[in-house]
Amino acid sequence: MPFETIRVDIDTSTRVATITLNRPDKLNSFTRTMHGELAHALDEVENAGARALVLTGAGRGFCAGQDLADLDFTPGAMTDLGDLIDAHFNPLIKRLQALPMPVIAAVNGTAAGAGANLALACDLVVAARSASFIQAFVKIGLVPDSGGTWFLPKRVGMARALGLAMTGDKLSAEKAESWGLVWQVTDDAELAATANALAAQLAKQPTRAIVATREALRASATNTLGQQLDLERDLQRELGNSHDYAEGVQAFIEKRAPRFEGR
Ligand code: T3D
């Protein structure tokens, strides 16, 4: 399906899908159209049986959050931000977190406002050295949304979360890596290849096990050790019946590389 504001590429040999936010002149900020297209694209990626997704931006920005020109400030007809978030941003973050495949944000440039938190909602962040992360919300009198108040304290601790959110200061890719927000920083020219290679590597792994691992690691934030041990048992029981488990064990015994199929 042709899109106006994004590009979608699905490599049927590697089973890696790439979605590129494509409004470079506006630093790929979100309009309602882009939200709608992204929702369709995620359906497309899932229906195509992709086994890893790369989310990136065209041009010099990754995503500058909400397009502030796509809001109505007319008295009596003002955009209700709660409605906008309910209709678009929250479903997007939940969808990304629940996709049955690993998701990599390839942050090519500025990631601001909801754009920064969009990256944090992905499983792994690979960032170009020139990229940066800005919790820009405070500069327009808002609170970090799209999961920012949830992701940040868990990943960087309360002191740094408060600092980033209260100042709206730019965090460089290298500092974001040293603070634990980013998996890997690459030279700008290497970003696409690095993210693609990582996605191709993940797409060859036992996808169900990867997704279950993500579920377990997330659940550890609120579970007791006892609950976590039970969850690990349940997931292991489920995966013990998977094709990829049988294949992994067989491959080990036959001393060959496994051929996982994601089922
Ligand atoms: O508000 C709600 O609806 C609730 C939901 C909120 C979610 C949010 O994301 S709120 C936060 C919204 N985002 C921002 O506040 C960030 C705004 N942008 C900036 O602060 C700066 O653009 C950046 C720091 C990200 C980058 O600065 P710089 O100097 O590298 O680029 P620039 O010149 O400011 O931007 C380039 C173009 O993109 C420019 O357009 P022009 O003048 O060349 O035609 C600029 O207006 C446009 N642009 C950048 N960000 C946005 C945008 N246009 C609309 N909305 C944007 N968010």
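What you see is a predicted model, and the numbers here were worked out from it, not measured in a lab. Each chain has its residues counted from 1, following the order in which its sequence is written. Restriction of local features to residues with pLDDT of at least 70 applies here, the model being predicted, together with a cutoff of 80 or more for giving and counting side-chain atom pairs; totals for whole chains, interfaces and linings are based on all residues. The side-chain numbers reported here are obtained from all heavy atoms of the structure, hydrogens and water having been left aside.

Draft legend 1. Main features of the overall build of the protein chain. Only DSSP runs of H or I with at least four residues qualify as helices, and only runs of E with at least two residues qualify as strands; both kinds are numbered from the N terminus onward. When you go through the protein chain residue by residue, the secondary structure sums to ten helices and ten strands. Relative to the 2.2 N^0.38 estimate, which gives 18 Å for 263 residues, the radius of gyration of the protein chain is 19 Å and therefore close to what a compact globule would have. Dimensions of the protein chain, computed from the C-alpha atoms along their principal axes, are close to 70 × 45 × 40 Å. Going through the 263 residues of the protein chain one by one, you find that 45% of them count as buried. Residue contacts are counted whenever heavy atoms from the two residues lie within 4.5 Å of one another. Within the protein chain, counting contacts between residues at least 6 apart in sequence, those at least 24 apart form 68% of the total. Residue exposure ignores everything except the shown protein chains as possible cover, and the areas themselves are Shrake-Rupley values with a 1.4 Å probe. Entry remark: accessible area of the protein chain is about 13,300 Å², with carbon and sulfur atoms responsible for 55%. Side-chain charges of the protein chain comprise 26 positive and 31 negative groups, with the mean position of each set lying 5 Å from the other. Radius of gyration: over C-alpha atoms. The globule rule applied is 2.2 Å multiplied by the number of residues raised to the 0.38 power. Each residue is assigned to one of three classes by its accessible area relative to the maximum for its type, calculated with a 1.4 Å probe on protein chains only: buried under 20%, partly exposed between the two thresholds, exposed over 50%. His is not counted, nor are the chain ends, whereas Lys and Arg count as positive and Asp and Glu as negative. In this description, the location of a charge corresponds to atom NZ of lysine, CZ of arginine, CG of aspartate or CD of glutamate.

Draft legend 2. Structural detail: the side chain of T194. Relative to the elements of secondary structure, T194 occurs in helix α7 (residues 191-203). With a relative accessible area of 18%, T194 lands in the buried category. Residues contacting T194, with those up to four places away along its chain left out, are V126, Q184 and T186.

Draft legend 3. Examining the environment of Q201 more closely. Relative to the helices and strands, Q201 is located in helix α7. With a relative accessible area of 47%, Q201 lands in the partly exposed category. Distance from Q201 to T5, taken between C-alpha atoms, is 28 Å for residues 196 residues apart in sequence.

Draft legend 4. Summary view of the sheet that holds strand β3 (residues 52-57). Ordered in space as β1-β2-β3-β5-β7-β10, the six strands form an open sheet in which the pairing is mixed. Only two strands of the sheet have a single partner each, and these edge strands are β1 (6-11) and β10 (184-186). Going across the sheet, the axis of each strand differs from the next one's by a mean of 20°, ignoring polarity. For two strands to be treated as a pair, DSSP must find no fewer than two bridges joining them. Here β1 pairs with strand β2 (residues 16-21) via six bridges, running antiparallel. Each bridged residue has a counterpart across the sheet, and for I10 the counterpart in β2 is A17. Note on geometry: axes are C-alpha line fits, over the in-contact stretch for helices, and angles between N-to-C directions span 0 to 180 degrees. Across the face of the sheet, helix α1 (residues 32-47) comes into contact with β1, β2 and β3 while running at roughly 5° to β1.

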